[in-house]
Amino acid sequence: MARRIDVTGTGGVRLAAWEFGDPPKTDPARDGQGPPAGLAAPEGSPGVLLLHGLMGRASHWASTARWLSARYRAVALDQRGHGRSDKPPQGSFTRDAYVDDAEAALEQLGLAPVVLIGHAMGALTAWQLAAKRPDLVRGLIICDMRASALGAASQREWGQWFKSWPLPFATLADVRKWFGEDDPWVERPNPARGAFYAEVMAESPDGWRPVFDPEQMLRSRETWVYDAHWEELAQVRCPALVVRGLDGELGRAEAQEMVRVLPRGQYAEVADAGHLVHYDQPEAWRAAIEPFLDSLGDN
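This is a predicted model, so every value here is computed, not measured.

A. Examining the overall build of the protein more closely. Within the protein, the regular secondary structure consists of 11 helices and 10 strands. Taken against the 2.2 N^0.38 rule, which gives 19 Å for 299 residues, the C-alpha radius of gyration of the protein at 18 Å falls within 12% of a compact globule. C-alpha extents for the protein along the principal axes are approximately 55 × 45 × 35 Å. Among the 299 residues that make up the protein, the fraction classed as buried is 54%. Across the protein, contacts joining residues at least 24 apart in sequence account for 71% of those joining residues at least 6 apart. Of the roughly 12,600 Å² of accessible surface on the protein, a fraction of 49% belongs to carbon and sulfur atoms. Seen as two clouds, the 32 positive and the 41 negative side-chain charges of the protein have centres 1 Å apart.

Structure follows, in structure tokens:
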């Protein structure tokens, strides 16, 4: 099961957080102190916060979060502009806004010291928060996110890609087929990719459209693609695991350099997985991160 908990991000933006597994026990002694009653994790249960990538949503972490909920208080966040969180037309979509939102969620939910698990953009947010607030983060998992600058050409390609979407889609089956087979960016049929994008579509009067605004996604993306992020990696003091799919966007050489730059970095890779590592190969993904989580202990 997943339980929605609304939190307030920077600038008053309402964010939807989703707690997976059994709801935490209520401790009446905590009423009026710290997190609201019912939000504090049971004694001895550490917290995990999962951050999706650009265009993603918290539900993309459902399989991972349910698995984690056996030993952690597992919460996934719909980041601003995504999922069921606010999408203010004139809102801020800067790196600071995303990092501050995650920080606010940790504090309001009483999750710290937390293990942060992020995919793509969410991984960048995670390591920037770990660098900014080491007191809040005890472990970090970075899934298929580059630390190097991607540049203007990459941003232009994304703008053109959004324009190529045949919106609206008549059915969800059309969504799955286009993103899983017909999209020019797809090298070979990928049903997991089709399912991933079907999950971020909503039915409108004329068909199926994304729950996000593509222009807001481009605005979010342009705040990181022109810059490298090695300096913040070097400031992460907690144990950190860099995970890549063998066919993903993060190359092996860059991933291993990220591990070298991280003061306490480790490396793992998942075979037969692309950029959507946790979605392409959920069992292999869990096997890749479990030893790292075990090394952190449960306290």
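Past the structure itself, the notes keep going.
B. Quick look at the pattern of salt bridges. Under the counting rule described, the total for this entry stands at 20 salt bridges. Taken together, the salt bridges that share partners define one network made up of Asp100, Glu103, Glu107, Lys132, Arg133 and Asp135.

C. Seen up close, the packing of helix H2 (residues 95-109) against helix H3 (residues 121-132). Interhelical geometry of H2 versus H3 gives an angle of 70° and a closest axis separation of 9 Å. It follows from the interaxial angle that H2 and H3 lie roughly perpendicular. Contacts between H2 and H3 involve Arg95, Tyr98, Val99, Asp100, Ala102, Glu103 and Leu106 from the former and Met121, Leu124, Thr125, Gln128, Leu129 and Lys132 from the latter. Among the residues making up the contact of H2 with H3, the classes are represented as seven nonpolar, two polar and four charged.

D. Representation of the pairing of strand S7 (residues 201-204). Two elements, S7 and strand S8 (residues 207-210), share four bridges in a ladder whose sense is antiparallel. Residue Met201 lies in a different strand from S8, and its bridge partner there is Pro210. Between S7 and S8, which follow one another and run antiparallel, lie two residues.

E. Molecular detail of the packing of aromatic side chains. Inspection of every chain in the model, using the stated rule, returns 18 aromatic pairs. Between the aromatic rings of Trp165 and Phe179, the centroid separation amounts to 4.9 Å while the plane-to-plane angle is 90°, which identifies the pairing as edge-to-face. Taken together, the residues span a long stretch of sequence, with Trp165 in the loop between helix H4 (152-164) and helix H5 (172-182) and Phe179 in helix H5 at a distance of 14 residues. Note on accessibility: Trp165 and Phe179 belong to one class, buried.

F. Summary view of the sheet that holds strand S10 (residues 265-270). Strand order in the open sheet formed by eight strands is S1-S2-S4-S3-S5-S6-S9-S10, and the pairing between neighbours is mixed. Since the sheet does not close on itself, it has two edges, and those belong to strand S1 (2-8) and S10, each with one partner. Within the sheet, the average angular offset between the axes of one strand and its neighbour, ignoring direction, is 20°. Pairing between strand S3 (residues 47-51) and strand S5 (residues 114-119): five bridges, direction parallel. Directly across from Leu51, in S5, lies its bridge partner Gly118. In this fold H2 packs onto S1, strand S2 (14-20), S3, strand S4 (73-77) and S5, with an angle of close to 115° to the strand it touches most, S1. Across the sheet, helix H9 (residues 252-261) is in contact with strand S6 (137-143), strand S9 (240-245) and S10; its angle to S10 comes to roughly 155°.

The rules behind each value
- Residues numbered from 1 in each chain as written.
- Predicted model: local features only at pLDDT ≥ 70, side-chain atom pairs only at ≥ 80, totals over all residues.
- Heavy atoms only, no water.
- Helix = DSSP H or I, 4+ residues; strand = E, 2+ residues; numbered from the N terminus.
- Rg over C-alpha atoms; globule rule 2.2 N^0.38 Å.
- Buried < 20%, exposed > 50% of the residue type's maximum accessible area, 1.4 Å probe, protein only.
- Contact = heavy atoms within 4.5 Å.
- Areas by Shrake-Rupley, 256 points an atom, 1.4 Å probe, with all protein chains shown as cover.
- Lys, Arg positive; Asp, Glu negative; His and termini not counted.
- Charge placed at Lys NZ, Arg CZ, Asp CG, Glu CD.
- Salt bridge = Lys/Arg side-chain N within 4 Å of Asp/Glu carboxyl O.
- Axes fitted to C-alpha atoms, helices over the stretch in contact; angles between N-to-C directions.
- Parallel < 35°, antiparallel > 145°, perpendicular 65-115°, else oblique.
- Nonpolar A, V, L, I, M, F, W, Y, C, P; charged D, E, K, R; others polar.
- Pairing = 2+ DSSP bridges.
- Phe/Tyr/Trp six-rings, centres within 6.5 Å; stacked < 30°, edge-to-face > 60°.

The analysis is restricted to geometry; functional conclusions fall outside its scope.
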